[in-house]
Amino acid sequence: MKQNLYNYILGIADNSLILGQRMGELCGHGPSLETDIACTNISLDLFGQVRSYFQYASKLAGDGRTEDDIAMLRQEREYVNVLLVEQPNTDFAYTIARHFLFDVYHLLFLTELEKSKDLTLSAIAKKCIKEVRYHERFTSDWMKRLGDGTAESKAKIQEAINDLWTYTDELFHQTKADKAMVAEGIGVDVTKLKDAYYEKVNEVLTEATLETPESKYFQKGGKKGIHTEHMGYLLAELQYMQRAYPNMEW
Amino acid sequence: MTTTEQNIDDILVPILEQVSDPEIPVLSIMDMGVVRSAVIENNKVKVQITPTYSGCPAMDVIGDDIKAALKHAGYDSEVELILHPAWTTDWITPRGRKALEDYGIAAPLGPEADKDVLLHGKRIVKCTNCGSQNTRLVSQFGSTACKAQFQCDDCQEPFDYFKCLK
Ligand SMILES: [Zn+2]
């Protein structure tokens, strides 16, 4: 099996899976009907993308593991999503800030992945970009509405950005699979996305009349399977059905 | 307009036209542009469809409906989901756009106009009830991921707008 490629796909897909799960938690709990529907639709997009990635991974594995097995039946240490996407929906500001900080990265990443020599990954990226563009519009729009809104909304969104900032740097760390795939012209060199990322984030924050945090202290670990304390609870909910009723399908 | 060839045997067209999008029953999957190829090989029909949105829950149903329609016409079939080339709203046929409008869903505008209405609140989406352009965006995501929610400020009708995907 092409182990590096398999690991590389998991690195991409786990971000969408875990973020999709977080957004899905808002189903029936969004602050208004419209935002509730938006968050669940975004979640649905992300799960759809995950299916494409895991179907491909399942083909590569070739050992009978299905997309469901890969998505639902790993242990916590085997999930390699970044810490950012597993952070909880503390309030609506955290939900928007977390998703915004990921969207900016996601769009830059997919734009590069579209150029991959791997035709399947390139096709998935091309499909995903169209959707993620809408997600980024939605979250950027809300960043501005909250930042440039009332004194309370501004304070809350600023606090969320400040708290989540510490998880942004990990987006640009390279894993072993990353390096191997970049060398083969399949993967994206994430280190090169960093400048454009902070520039774009800064642009939106400025327009939202918010401060760009200056902290240079960053958390990392997700890409190596070392997660924050929130991950276990998230997985318990994500995996419940599959563990209670083994072999269920999407 | 994206230049991608559709490859569908003439004899299969009327059969596939009977299959509709489960979420928009007035729209056939042919007018939706999701069928990319359908050919008969060794008495078996091979169909390729492309998803509108990645998470579109309708795709599994569409696959099953195609198989059922072909079976009814006497063909065994195989349906494959392909991702490339990616679906675009440009593939909705003029007849499909009309069906959408009649059903109460505003058809997608071009990418620039789409940005104007979704981001800058420009009032150019036509109300599907009274035709007025005095309409406003209520939510960027509507009843499904592919639609945004609008309301007409003249007749107060709430309606969906099919977002441009290009
Ligand atoms: Zn009207």
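Bear in mind that the values here come from a model prediction, so they are computed numbers and not experimental data. (Residues numbered from 1 in each chain as written. Chains lettered and ligands numbered in written order. Predicted model: local features only at pLDDT ≥ 70, side-chain atom pairs only at ≥ 80, totals over all residues. Heavy atoms only, no water.)

Peer 1: Mind laying out the coordination of the zinc ion, listing which residues take part and the relevant values?
Peer 2: All names here are of chain B. At the metal site, the zinc ion is ligated by Cys127 (SG), Cys130 (SG), Cys152 (SG) and Cys155 (SG), and these contacts range over 2.3 Å. Considering all four donor atoms around the zinc ion, the spread of angles at the metal, 106 to 114 degrees, places the coordination shape in the tetrahedral class. All donor residues of the zinc ion come from one chain, and their arrangement in sequence is C-x2-C-x21-C-x2-C. For cysteine 127, a relative accessible area of 4% corresponds to the buried category. (Donors = N, O, S within 2.8 Å, 3.2 Å for Na, K, Ca; no water. Tetrahedral: all angles 85-135°; square planar, octahedral: opposite > 155°, others 65-115°. Buried < 20%, exposed > 50% of the residue type's maximum accessible area, 1.4 Å probe, protein only.)

Peer 1: Before we move on, can you summarise the domain arrangement of chain B with the specific residues and values?
Peer 2: Residues and elements named next belong to chain B. Split by domain assignment, chain B resolves into domain 1 (7–91) and domain 2 (104–162). Look at where the C-alpha atoms of domain 1 and domain 2 centre, and you get two points 28 Å apart. At the junction of the two partners, domain 1 supplies six residues and domain 2 supplies seven residues. Interface area for domain 1 against domain 2, summed over the two sides, is near 500 Å², with a carbon-plus-sulfur share of 82%. Counting the surface domain 1 buries against domain 2, the share from its top three residues, Ile24, Tyr53 and Thr89, is 70%. Remark: the boundary between domain 1 and domain 2 carries zero salt bridges. (Domains from an automatic or database assignment. Contact = heavy atoms within 4.5 Å. Buried area = accessible area lost by both parts, 1.4 Å probe. Salt bridge = Lys/Arg side-chain N within 4 Å of Asp/Glu carboxyl O.)

Peer 1: A description of the UniProt feature "domain: MIP18 family-like" (unreviewed entry) in chain B should follow, citing residues and the corresponding values.
Peer 2: With numbering matched to this structure, UniProt assigns "domain: MIP18 family-like" (unreviewed entry) to residues 16–78 of chain B. In residues 16–78 of chain B, the share of helix is 32% and the share of strand is 37%. The end C-alpha atoms are 14 Å apart. (UniProt positions renumbered as here; feature names shortened; annotations may be inferred. Helix = DSSP H or I, 4+ residues; strand = E, 2+ residues; numbered from the N terminus.)

Peer 1: Before we move on, can you summarise the interface of chain A and chain B with the specific residues and values?
Peer 2: Interfaces are frequently sized by the accessible area removed from exposure as the parts join. On the chain B side, the residues contacting the 23 residues of chain A number 28 residues. Both sides of the chain A and chain B interface together cover about 2200 Å² of buried area, and 58% of this is carbon and sulfur. Aspartate 60 of chain B is paired through a salt bridge with arginine 51 of chain A; the nearest N and O atoms lie 3.6 Å apart. Counting across the interface, chain A meets chain B through seven residue pairs in polar contact (both at pLDDT 80 or more). At the level of secondary structure, the elements contributing two or more residues to the side of chain A that touches chain B comprise helix H2 (33–61) and helix H6 (119–147) of chain A. With twelve residues, H6 of chain A is the largest single contributor of residues to the side of chain A that touches chain B. By residue class, the composition of the side of chain A that touches chain B is eight nonpolar, five polar and ten charged. (Polar contact = N/O pair within 3.5 Å; in protein donor to acceptor, adjacent residues only side chain to side chain. Nonpolar A, V, L, I, M, F, W, Y, C, P; charged D, E, K, R; others polar.)

Peer 1: Please provide a residue-by-residue account of the packing of aromatic side chains, values included.
Peer 2: Taken as a whole, this structure holds twelve aromatic pairs over all chains when the rule is applied. Plain terms: the ring middles of phenylalanine 92 of chain A and tryptophan 142 of chain A are 5.1 Å apart, the flat faces sit at 90 degrees to each other, and that makes the pair edge-to-face. Pair noted here: phenylalanine 92 of chain A is in helix H5 (residues 92–113) and tryptophan 142 of chain A is in helix H6, with a separation of 50 residues, a long-range link. Comparing phenylalanine 92 of chain A with tryptophan 142 of chain A shows no difference in burial state: the two are buried. Measuring from centroid to centroid gives 5.7 Å for tyrosine 105 of chain A and phenylalanine 109 of chain A, while their planes differ by 25 degrees, and the two rings are stacked. Residue tyrosine 105 of chain A and its partner phenylalanine 109 of chain A are both found in helix H5; the two are separated by four residues, about one turn of the helix. Judged by relative accessible area, which is 5%, phenylalanine 109 of chain A ranks as buried. Chaining the aromatic ring pairs together yields one cluster made of Phe102, Tyr105, Phe109, Trp165, Phe172, Tyr197 and Tyr198 of chain A. Over the aromatic face of tyrosine 79 of chain A sits the side chain of arginine 74 of chain A, whose NZ or CZ is 4.2 Å from the ring centroid. The aromatic ring of tryptophan 91 of chain B is capped on one face by arginine 36 of chain B, whose charged end is 3.5 Å from the ring centroid. (Phe/Tyr/Trp six-rings, centres within 6.5 Å; stacked < 30°, edge-to-face > 60°. Lys NZ or Arg CZ within 6 Å of the ring centre and 35° of its normal.)

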